[in-house]
Amino acid sequence: MKTATVNKGKETKYLNQYPLIEEDDLYAHDHLKEGDLFYLVNDSGQYIATAYVGRQHKGIGWVLSYDKDTDINVSFFEVLFTEALEARQYFYQIEGTNAFRLFNSEGDGVGGLTIDNYDGHLLIQWYSKGIYKFRYTILEAVKRVFDYTSIYEKMRFKDKAITGGFVEGEAPAFPIVIEENFTYYNVDLDDGPMTGIFLDQKEVRKKLRDQFAADRDILNLFSYTGAFSVIAAEDAQSTTSVDLANRSRALTEDNFGLNGIDPKSQYIYVMDTFDYYNYASRHHKVYDTIVIDPPSFARNKNKTFSVLKDYDKLIEGALDILAPQGTLLLCTNHSGLSLKSFKNTVKRTLDEAGMDYEINEVMGLPKDFKTHPHYKPSKYLKAIFVTMN
Ligand code: SAH
C-alpha cells in the first residue's frame, strides 16, 4: 500500500475527519496516481486514514475509511450503499415523488460518486478518473444493493475516450416521466451533462408553489426545462420562463403539457437574462415573484457572467421589474460561495437599492443530498426567499 504523509500542523484536520485530501497538506504526492489506494499517515508514520486518489476541486483524493484493516472491495461499498438506502426509505414511501438521490458522495462516505434514482432508472455519476477506476467493484455493489430497471452513468471528468450512457438493465425510451411533489417532469439520462431536472431543488420548488405562487405573475430566469414555472403554474396568474438556450423552449412546453397546462397559456422567451431585463422594463412588465437560479459561470457572446462577481447585477435588474411587496427567490449552487457571503451580497445589494425587505426563508439541500458534517462545501445549495415591504 502506498502512503502519503500529512504536513506537520495539518494532522488534526484529518484526525477530525476532514474528508478531502488537499494537495498542499501533503509532503509529497507525485507517487500517487489516479485510482490508487493509499494510507494517509502523520510524520511519525502513524496511520490516520485510508484514501483513494481522485483529483477534484482543490483535492487530490477522498478518505474512505478510518480503519486500517478495512479492505476497499465490493463488500465495503455494499455496506455504505445499504446504509444509504436505509436512510432513503422515506422517499420510497411517500406519495407523489419517485425521483431522489440514493448516494451523495462524501456525505454518504465516498467523495466523487453519486447515485440517483429516477423512478427505478439509476444514474451513477463519476467525478474523477480515480473513482472511475473502481467502476467494476462499485457496479457490482450497486447491483447487489439497489433495485433497478436500468443503470446509466455520466462522467463528470474530462476524458475523450470514455463516454457515459447505458450500463445495463432494460433501457427505457427517453424521455421518461418522473414525479416530484405531484408534478411531472421529463427526464433523459442519456443526453449530455444534464437530465432535465435538478433533484436538489425539490424542496425549494415546493416552497415556491406552496407560498409564493398563488395568483402571482411569476418570472423564472435561467429556466432550463421550466421546472420552477411548471410547479408554480397551476396556482399562478401567469408564468414567464427565460433561458438563453434554444432547446429550452420545447423542453419547457413539454413539461407544461405533462401537467395538463396548455403551454400556449404561458410565456417562454429564448433570451439572455440581462436582455430580458431591458426588454421587460421597456414594456413595463412587472412580476410578483422572480426566480433567479443561474449557473455558476456562463458565457454569452463576448460577455461572461459569474455568480461570485455578478450576482448583485442580477438582483438589481430584477428590482426594476418587481411589483411592490414582490418576492425574489435567489439561488446559487456554487460550492465556493458560503451561505454567509451569499446572504451578505443579497442584503448589501438590497440595502444599497434602498429596499425595505424581509427574508422569508433560507433553504439548503434536501435530506437525500446528505452532506458531510466536517466539509462545508458539501452544503453547496443556497436558496433565499426575500419579500419587499
Ligand atoms: N434554474 C434551472 C436550472 C438552470 S441550469 C432549473 O431550475 O432547472 C442553467 C441554465 O441557464 C441553462 O439552461 C442555460 O441555458 C441558462 N443560461 C446560461 N446563461 C444564460 C443567460 N445569460 N441568460 C439566460 N439563460 C442562461
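Residues numbered from 1 in each chain as written. Predicted model: local features only at pLDDT ≥ 70, side-chain atom pairs only at ≥ 80, totals over all residues. Heavy atoms only, no water.

Within an unreviewed UniProt entry, the label attached to the protein reads Class I SAM-dependent rRNA methyltransferase, and the organism entered is Staphylococcus auricularis.

1. Brief notes about a negative patch on the surface
Test applied: Grouping into patches uses exposed residues only, defined as over 30% relative accessible area, and leaves out salt-bridged ones; the cut-off is 9 Å for like charges and 5 Å for nonpolar side chains (Val, Leu, Ile, Met, Phe, Trp, Tyr). All accessibility values rest on the Shrake-Rupley procedure with a 1.4 Å probe; residue burial counts only the protein chains present in the view. The salt bridge criterion pairs a side-chain nitrogen of Lys or Arg with a carboxyl oxygen of Asp or Glu, the two atoms within 4 Å. Only four residue types enter the tally: Lys and Arg on the positive side, Asp and Glu on the negative side; His and the chain ends are excluded. To locate a charge, take atom NZ for lysine, CZ for arginine, CG for aspartate or CD for glutamate. In this description a helix means any DSSP run of H or I spanning at least four residues, a strand means any run of E spanning at least two, and both kinds are numbered starting from the N terminus.
Among the surface-exposed residues, E316, D320, D351 and E352 lie close enough to one another that they form a single negatively charged patch. Looking at where D351 falls in the secondary structure, it is placed in helix α12 (residues 339-352).

2. A closer look at the site of the ligand
How we decide: A cutoff of 4 Å decides nearness: a residue is near a molecule or strand if any of its heavy atoms lies inside that distance of it. Polar contacts, as counted here, are pairs of nitrogen or oxygen atoms within 3.5 Å of one another; within protein the pair requires one atom able to donate a hydrogen and one able to accept it, and residues that are adjacent in sequence qualify only if both atoms are side-chain atoms. Under the scheme applied here, ten amino acids are nonpolar (Ala, Val, Leu, Ile, Met, Phe, Trp, Tyr, Cys and Pro), four are charged (Asp, Glu, Lys and Arg), and all others, including Gly, are polar.
Taken together, the neighbourhood of the ligand is formed by 14 residues, with F222, D243, D272, T273 and D293 sitting nearest. At 3.2 Å, a backbone N or O of L244 approaches a nitrogen atom of the ligand. With the chains in place, 90% of the 590 Å² that the ligand exposes on its own is no longer accessible. A per-class count over the shell around the ligand returns nine nonpolar, one polar and four charged.

3. Digging into the side chain of T97
Rules: Accessible area is worked out with a 1.4 Å probe on protein chains only. A residue is then buried under 20% of its type maximum, exposed over 50%, and partly exposed in between. Contacts between residues were defined by any pair of non-hydrogen atoms, one from each residue, lying within 4.5 Å.
You can see T97 is positioned in the loop between α3 (89-93) and β6 (99-104). T97 gets classed as buried once you look at its relative accessible area, which sits at 7%. Polar contacts involving the side chain of T97 include one to the main-chain amide nitrogen of N181, which spans 3.0 Å. Discounting chain neighbours no more than four positions away, the residues touching T97 are F91, E179, E180 and N181.

4. Comments concerning the UniProt feature "domain: S-adenosylmethionine-dependent methyltransferase" (unreviewed entry) in the protein
Filter applied, for reference: UniProt positions are given in the numbering used here, feature names are shortened, and annotations may be inferred rather than shown by experiment.
Mapped onto this structure's residue numbering, the UniProt feature "domain: S-adenosylmethionine-dependent methyltransferase" (unreviewed entry) falls at residues 177-339. Across residues 177-339, helical content stands at 33% and strand content at 30%; the span's end C-alpha atoms are separated by 33 Å.

5. Some points on the pattern of salt bridges
Applying the stated criterion across every chain yields a total of 19 salt bridges. Across the pair E78 and R144 runs a salt bridge whose closest N-O atoms are separated by 3.0 Å. Remark: R144 occurs in helix α6 (residues 135-145) and E78 occurs in helix α2 (residues 74-87); sequence separation between them is 66 residues. Since its relative accessible area comes to 23%, E78 is described here as partly exposed. Here R144 falls in the partly exposed class, since its relative accessible area comes to 47%. One salt-bridge network, held together by shared partners, links K10, K13, E22 and D25.

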